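# Chains, contacts and geometry: an overview
Spelled out from the first residue to the last, the chains are:
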Amino acid sequence: MKLGIVGLPNVGKSTLFNAITKAGAATANYPFCTIDPNVGVVSVPDSRLDFLANLYQSKKKVPAAVEFVDIAGLVKGASQGEGLGNQFLSHIRETAAIVHVVRCFENKDITHVSGAINPLDDIDIIDTELILADMDSAAKKLERLEKNIRLQDKSVIAQRDLALRLKAHLDGGKPARTMSLSGEESEMIKDFFLITAKPVLYACNVGENDLPEMENEFTQVVKQKALKEGAAALPICAKIEAELSELSEQDRQEFLKDLGLKEAGLNRLIKAGYDLLGLSTFLTAGADESRAWTIKKGFLAPQAAGVIHTDFQRGFIRAEVMNFGDLEKLGSQKAVKDAGLLRSEGKEYVVKDGDIIEFKFNV
């Protein structure tokens, strides 16, 4: 899972990135501090994997991973070359989803690029620049399709018609993700490589005085906007996350308790990212290795096997599956089997989050 972190300068974007990745990238209270994208890979916290590694006395424990890309701060006019210009575009296109950090705190010591705190205006500035970039991409795509339309190829005609609808939608100032598309069109539009078609998670950066509820007048308007456009919104305090990143695990838990928080913002951010992208986790376990694997929800057993190795999918025979809850309750794989809860599943089995699977294959 690759998430691109975007936002206006001085909204706490790089502070949040540094906190969740412990990458130590430079941050400062002035625009364009982050010129090139910083990349950090974070292990996904999963107590189920910890349990399995301990139970099987595994030599290795391999968690799932999330890649965060801190993309340079944007300003009005970026798509026409203002600020850092178009440098950010290619980096955003490579991500699976966008984490849009929105300033939802007041602090007179941290200047706002627009001079006032207005989350909806801030979101609109970023959206406008991304829409303008997509308008350019759509125009170029349409130009290529128009050249081939004389061939009367049904696929080309369908793409041309979609491109015309897309152009009208973007011209109306609306991101591509809000377009109504058929299943076929949803697949077709992937070839347009649009930035605004990506799912968005608004990270509402609140102040310390908003803890533990993490709610204020700013977060409420962002949540309402997210609800209208089918996006997600998550309140988070970058300053607190930065402090948490410097603590040991034990001190971190005590600090969270003192703040009245159940878990760190990183955990909530990853969970929200999984939900936004429709992802889930299955597990494999043994003496050599216990590992968490990320898949799309709805994957059939052979597809999940293919995530491990293409040979597993090609030569799939069956999947030996047990539920994590059953294993945790009964204490051993043998006890799960004796209870009749170790199942043999075929090619049509839909893998569920938390399944512990051993694949049988032959190639």
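Above this text you will find the structure in question.
Parameters and conventions
Per-chain numbering applies: the sequence of each chain, read as written, is numbered from 1 onward. Under the rules for a predicted model, residues below a pLDDT of 70 receive no local features and side-chain atom pairs below 80 are neither given nor counted, while totals for whole chains, interfaces and linings still include all residues. Each side-chain value is derived from all of the structure's non-hydrogen atoms; neither hydrogens nor water enter the calculation. Numbering of helices and strands starts at the N terminus; helices are DSSP runs of H or I of at least 4 residues and strands are runs of E of at least 2. Whether a residue is buried, partly exposed or exposed follows from its accessible area with a 1.4 Å probe, protein chains only, as a fraction of its type maximum: under 20%, in between, or over 50%, in that order. The contact criterion used is simple: two residues touch if any of their non-hydrogen atoms lie within 4.5 Å. Under the convention used here, a 1.4 Å probe and the Shrake-Rupley method define accessible areas, while residue burial counts only the protein chains that appear. At least two bridges found by DSSP between two strands is the condition for calling them paired. Lines fitted to the C-alpha atoms define the axes, with helices restricted to the stretch that makes contact. Angles between their N-to-C directions range from 0 to 180 degrees. Two rings from Phe, Tyr or Trp (for Trp, the six-membered ring) form a pair when their centres are within 6.5 Å of each other. A pair whose planes differ by under 30 degrees is stacked, one over 60 is edge-to-face, and the rest are tilted. Geometrically, a lysine NZ or arginine CZ counts as sitting over a ring once it is within 6 Å of the ring centre and also within 35 degrees of the ring normal. Residues grouped as a nonpolar core are buried Ala, Val, Leu, Ile, Met, Phe, Trp, Tyr and Cys residues, joined through side-chain atoms within 4.5 Å.

Okay, the overall build of the protein next. Check the secondary structure of the protein and you find 14 helices and 12 strands. Counting only residues that meet the buried cut, the protein has 47% of its 363 residues in that class. Once local pairs closer than 6 in sequence are excluded, the contacts in the protein between residues at least 24 apart make up 68%. Of the roughly 18,100 Å² of accessible surface on the protein, a fraction of 50% belongs to carbon and sulfur atoms.

This brings us to the pairing of strand E8 (residues 279-284). Counted residue by residue, E8 has 6 buried out of 6 residues, so it is predominantly covered. Residue alternation in E8 divides its side chains into two sets, Leu279, Thr281 and Leu283 and Ser280, Phe282 and Thr284, and both sets are buried. Judged from the 6 bridges that link them, E8 and strand E9 (residues 289-296) form a sheet pairing that is antiparallel. From the neighbouring strand, Leu283 faces E9, where its bridge partner is Ala292. Hairpin geometry of E8 and E9 is characterised by an intervening segment of 4 residues between the two adjacent antiparallel strands.

With that settled, consider the sheet that holds strand E5 (residues 97-103). Taken in spatial order, the 6 strands make up an open sheet running E2-E4-E1-E5-E6-E7, and their pairing is mixed. Edge strands, defined here as strands with exactly one partner in the open sheet, are strand E2 (38-43) and strand E7 (232-236). Direction aside, neighbouring strands of the sheet carry axes that sit 25° apart on average. As defined by bridge partners, E5 adjoins strand E6 (residues 200-205) across 6 bridges and the pair is classed as parallel. Note on E6: the bridge partner recorded for Ile98 is Val200. Taken strand by strand, helix H7 (residues 217-229) contacts E5, E6 and E7, and its axis lies near 175° from that of E6.

Per the stated rule, a full pass over the model turns up 5 aromatic pairs. Put simply, the rings of Phe282, Trp293, Phe316 and Phe359 pair up and form one aromatic cluster. Directly above the ring of Phe192 sits Lys141, whose terminal nitrogen or CZ lies 5.1 Å from the centroid.

Bringing the nonpolar core into the picture now. In this structure, Phe68 and Tyr202 are the most contacted members of the largest nonpolar core, which totals 67 residues. Broken down by element, this core gets its largest block of residues, 6 residues, from helix H10 (residues 265-277). In this structure, Ala138, Leu166, Leu170 and Met188 belong to the second largest nonpolar core, which totals 16 residues.

Everything listed is a geometric property; what it means functionally is a separate question.
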